[in-house]
Amino acid sequence: MKITKTEIKGLYIIEPTVYGDNRGWFMETYSKKVLNEMGIEIDFVQDNHSYSANKGTLRGIHFQNNPKSQTKLIRCTKGKILDIAVDLRKGSPTYKKWIAVELTEENKKMLLIPKGFGHGFLTITDNVEVQYKVDEYYSKEHDGSIKYNDPEININWNLEKYGIKEPILSEKDKKAPYLKNSDCNFKYQGDEK
Ligand SMILES: Cc1cn([C@H]2C[C@H](O)[C@@H](COP(=O)(O)OP(=O)(O)O[C@H]3O[C@H](C)C(=O)[C@H](O)[C@H]3O)O2)c(=O)[nH]c1=O
C-alpha cells in the first residue's frame with residue numbers, strides 16, 4: 001500500500017498493492033496497521049456505497065459539521081470519477097484550497113480526507129459506484145453542503161474536458177449555499193497530523 005502526501009496536510013492519496021494472477025487480482029483496500037504506521041489513527045464506523053447512473057452526476061460539496069465531522073476513505077469501484085476535497089477549516093493555511101484526483105475502477109486509487117473538509121465528485125462515465133469509509137455516523141442534523149461552483153473556492157471540475165454541459169445535481173445540491181452563507185463550523189486547530 002503506497003501512501004502519498006498531497007499539498008494539503010492530512011490529505012493523502014493511497015494506492016493499494018494489487019496481487020494479480022491467472023484468476024484476476026486481490027488487494028487490501030484498508031489496513032488500520034498501515035495507517036497507524038503513518039501516525040494516522042482512525043476508527044471507521046460506517047461504510048457507504050453510492051451508484052450514479054449517468055456521466056456528469058455531481059454529488060457535493062458535502063460535509064458533516066462538528067461535532068459529527070467525518071474522516072473519509074474513498075474509492076471508485078466501477079467507472080471513473082473526478083474526486084474533490086476542499087479545506088473548509090477557518091484559519092487553516094490551506095483554507096479553501098482544493099485537490100482534484102481521478103479515482104477509477106482501473107487505477108484503484110483512494111483518497112483519505114480528514115475532518116474539516118468538504119467532499120464531492122463528478123462522474124466521468126456512466127454506471128459509477130463509489131464506496132467509502134467514515135469515522136462518524138451519518139447525522140442529518142449536521143449534514144451540510146456548499147454550491148459546487150462557489151466562486152470563492154473556484155473548483156475546476158473540468159466539465160468541458162469531460163464533455164459535460166451541465167452537471168446532474170440532487171434537489172438538495174441545487175439549493176446549496178455558497179460557503180460564506182453556509183453553516184459550516186470548522187475551525188483549524190493547528191494540531192492536525
Ligand atoms: C450520506 C448518507 C446519506 N444517507 C441517506 C440520506 C438520503 O436519504 C440519501 C441520499 O443522501 P445524499 O443525497 O446526501 O447522498 P449523496 O449526495 O451521495 O451524499 C454523499 O455525497 C458526498 C460525496 C459525501 O461525501 C457524503 O458522504 C454524502 O453527503 O441517503 C444515509 O442514510 N446515510 C448517509 O451516510
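Every chain is numbered on its own, with residues counted from 1 as its sequence reads. In view of the model being predicted, local features appear only for residues whose pLDDT reaches at least 70, and side-chain atom pairs are presented and counted only at 80 or more, with totals across whole chains, interfaces and linings using the full set of residues. Note that the side-chain values use all heavy atoms of the structure and ignore hydrogens as well as water.

In the nomenclature of an unreviewed UniProt entry, the protein corresponds to dTDP-4-dehydrorhamnose 3,5-epimerase from the organism Marinitoga hydrogenitolerans. UniProt positions are given in the numbering used here, feature names are shortened, and annotations may be inferred rather than shown by experiment. Per UniProt, the comment on the protein under Function (unreviewed entry) is "Catalyzes the epimerization of the C3' and C5'positions of dTDP-6-deoxy-D-xylo-4-hexulose, forming dTDP-6-deoxy-L-lyxo-4-hexulose."

A. View of the sheet that holds strand E13 (residues 143-145). Ordered in space as E9-E8-E11-E6-E13, the five strands form an open sheet in which the pairing is antiparallel. The outermost strands of the open sheet, each flanked by one partner alone, are strand E9 (98-104) and E13. Strand-to-strand twist across the sheet, computed as the mean angle between neighbouring axes with direction ignored, equals 25 degrees. By this definition, two strands are paired if DSSP reports at least two bridges between them. Elements are defined by DSSP. Helices are runs of H or I of four residues or more, strands are runs of E of two residues or more, and each kind is numbered from the N terminus. Across three bridges, the pairing between strand E6 (residues 58-64) and strand E11 (residues 117-123) is antiparallel. Note on method: axes are straight lines fitted to C-alpha atoms, helices fitted across the in-contact stretch only, with angles between N-to-C directions ranging 0 to 180 degrees.

B. A look at the environment of isoleucine 113. Its place among the elements puts isoleucine 113 in strand E10 (residues 110-113). Measuring from C-alpha to C-alpha, the distance between isoleucine 113 and threonine 71 comes to 5.6 Å, with 42 residues separating the pair along the chain. Residues in contact with isoleucine 113, not counting those within four places in the same chain, are Gln70, Thr71, Lys72, Ile74, Asp83, Ala85 and His119. The contact criterion used throughout is that any non-hydrogen atoms of two residues lie within 4.5 Å.

C. Up close: the pairing of strand E4 (residues 24-27). Sheet analysis places strand E3 (residues 18-21) next to E4, joined by four bridges and oriented antiparallel. Each residue of the ladder has a partner; that of glycine 20, found in E4, is tryptophan 25. Between the antiparallel neighbours E3 and E4 lie two residues.

D. View of the pattern of salt bridges. The salt bridge definition used is simple: a Lys or Arg side-chain nitrogen within 4 Å of an Asp or Glu carboxyl oxygen. A complete count under the given rule lists 11 salt bridges for this structure. In this structure, aspartate 43 and lysine 32 form a salt bridge, with 2.5 Å as the shortest nitrogen-oxygen distance. Remark: lysine 32 occurs in helix H1 (residues 32-37) and aspartate 43 occurs in the loop between H1 and strand E5 (46-52); sequence separation between them is 11 residues. With a 1.4 Å probe rolled over the protein chains alone, any residue whose accessible area is under 20% of its type maximum counts as buried; one over 50% counts as exposed, and the rest are partly exposed. Its relative accessible area of 54% is what places aspartate 43 among the exposed residues. Judged by its relative accessible area of 34%, lysine 32 is partly exposed.

E. Here's a closer look at the UniProt feature "active site" (unreviewed entry) in the protein. Following the UniProt record, one finds the feature "active site" (unreviewed entry) at His62 and Tyr132. Considering the C-alpha atoms alone, the annotated residues occupy 71 residues of sequence yet fold into one spot, their largest mutual distance being 13.7 Å. For histidine 62, the position within the fold is in strand E6. Taking the relative accessible area as the measure of exposure, histidine 62 reaches 17% and is therefore buried. In this structure, histidine 62 is in contact with Lys72, Phe117, Gly118, His119, Gly144, Ser145, Lys172 and Asp173, ignoring residues within four places of it in sequence. Mapped onto the elements of the fold, tyrosine 132 is located in strand E12 (residues 128-134). Discounting chain neighbours no more than four positions away, the residues touching tyrosine 132 are Gln46, Asp47, Asn48, Leu73 and Ile74.

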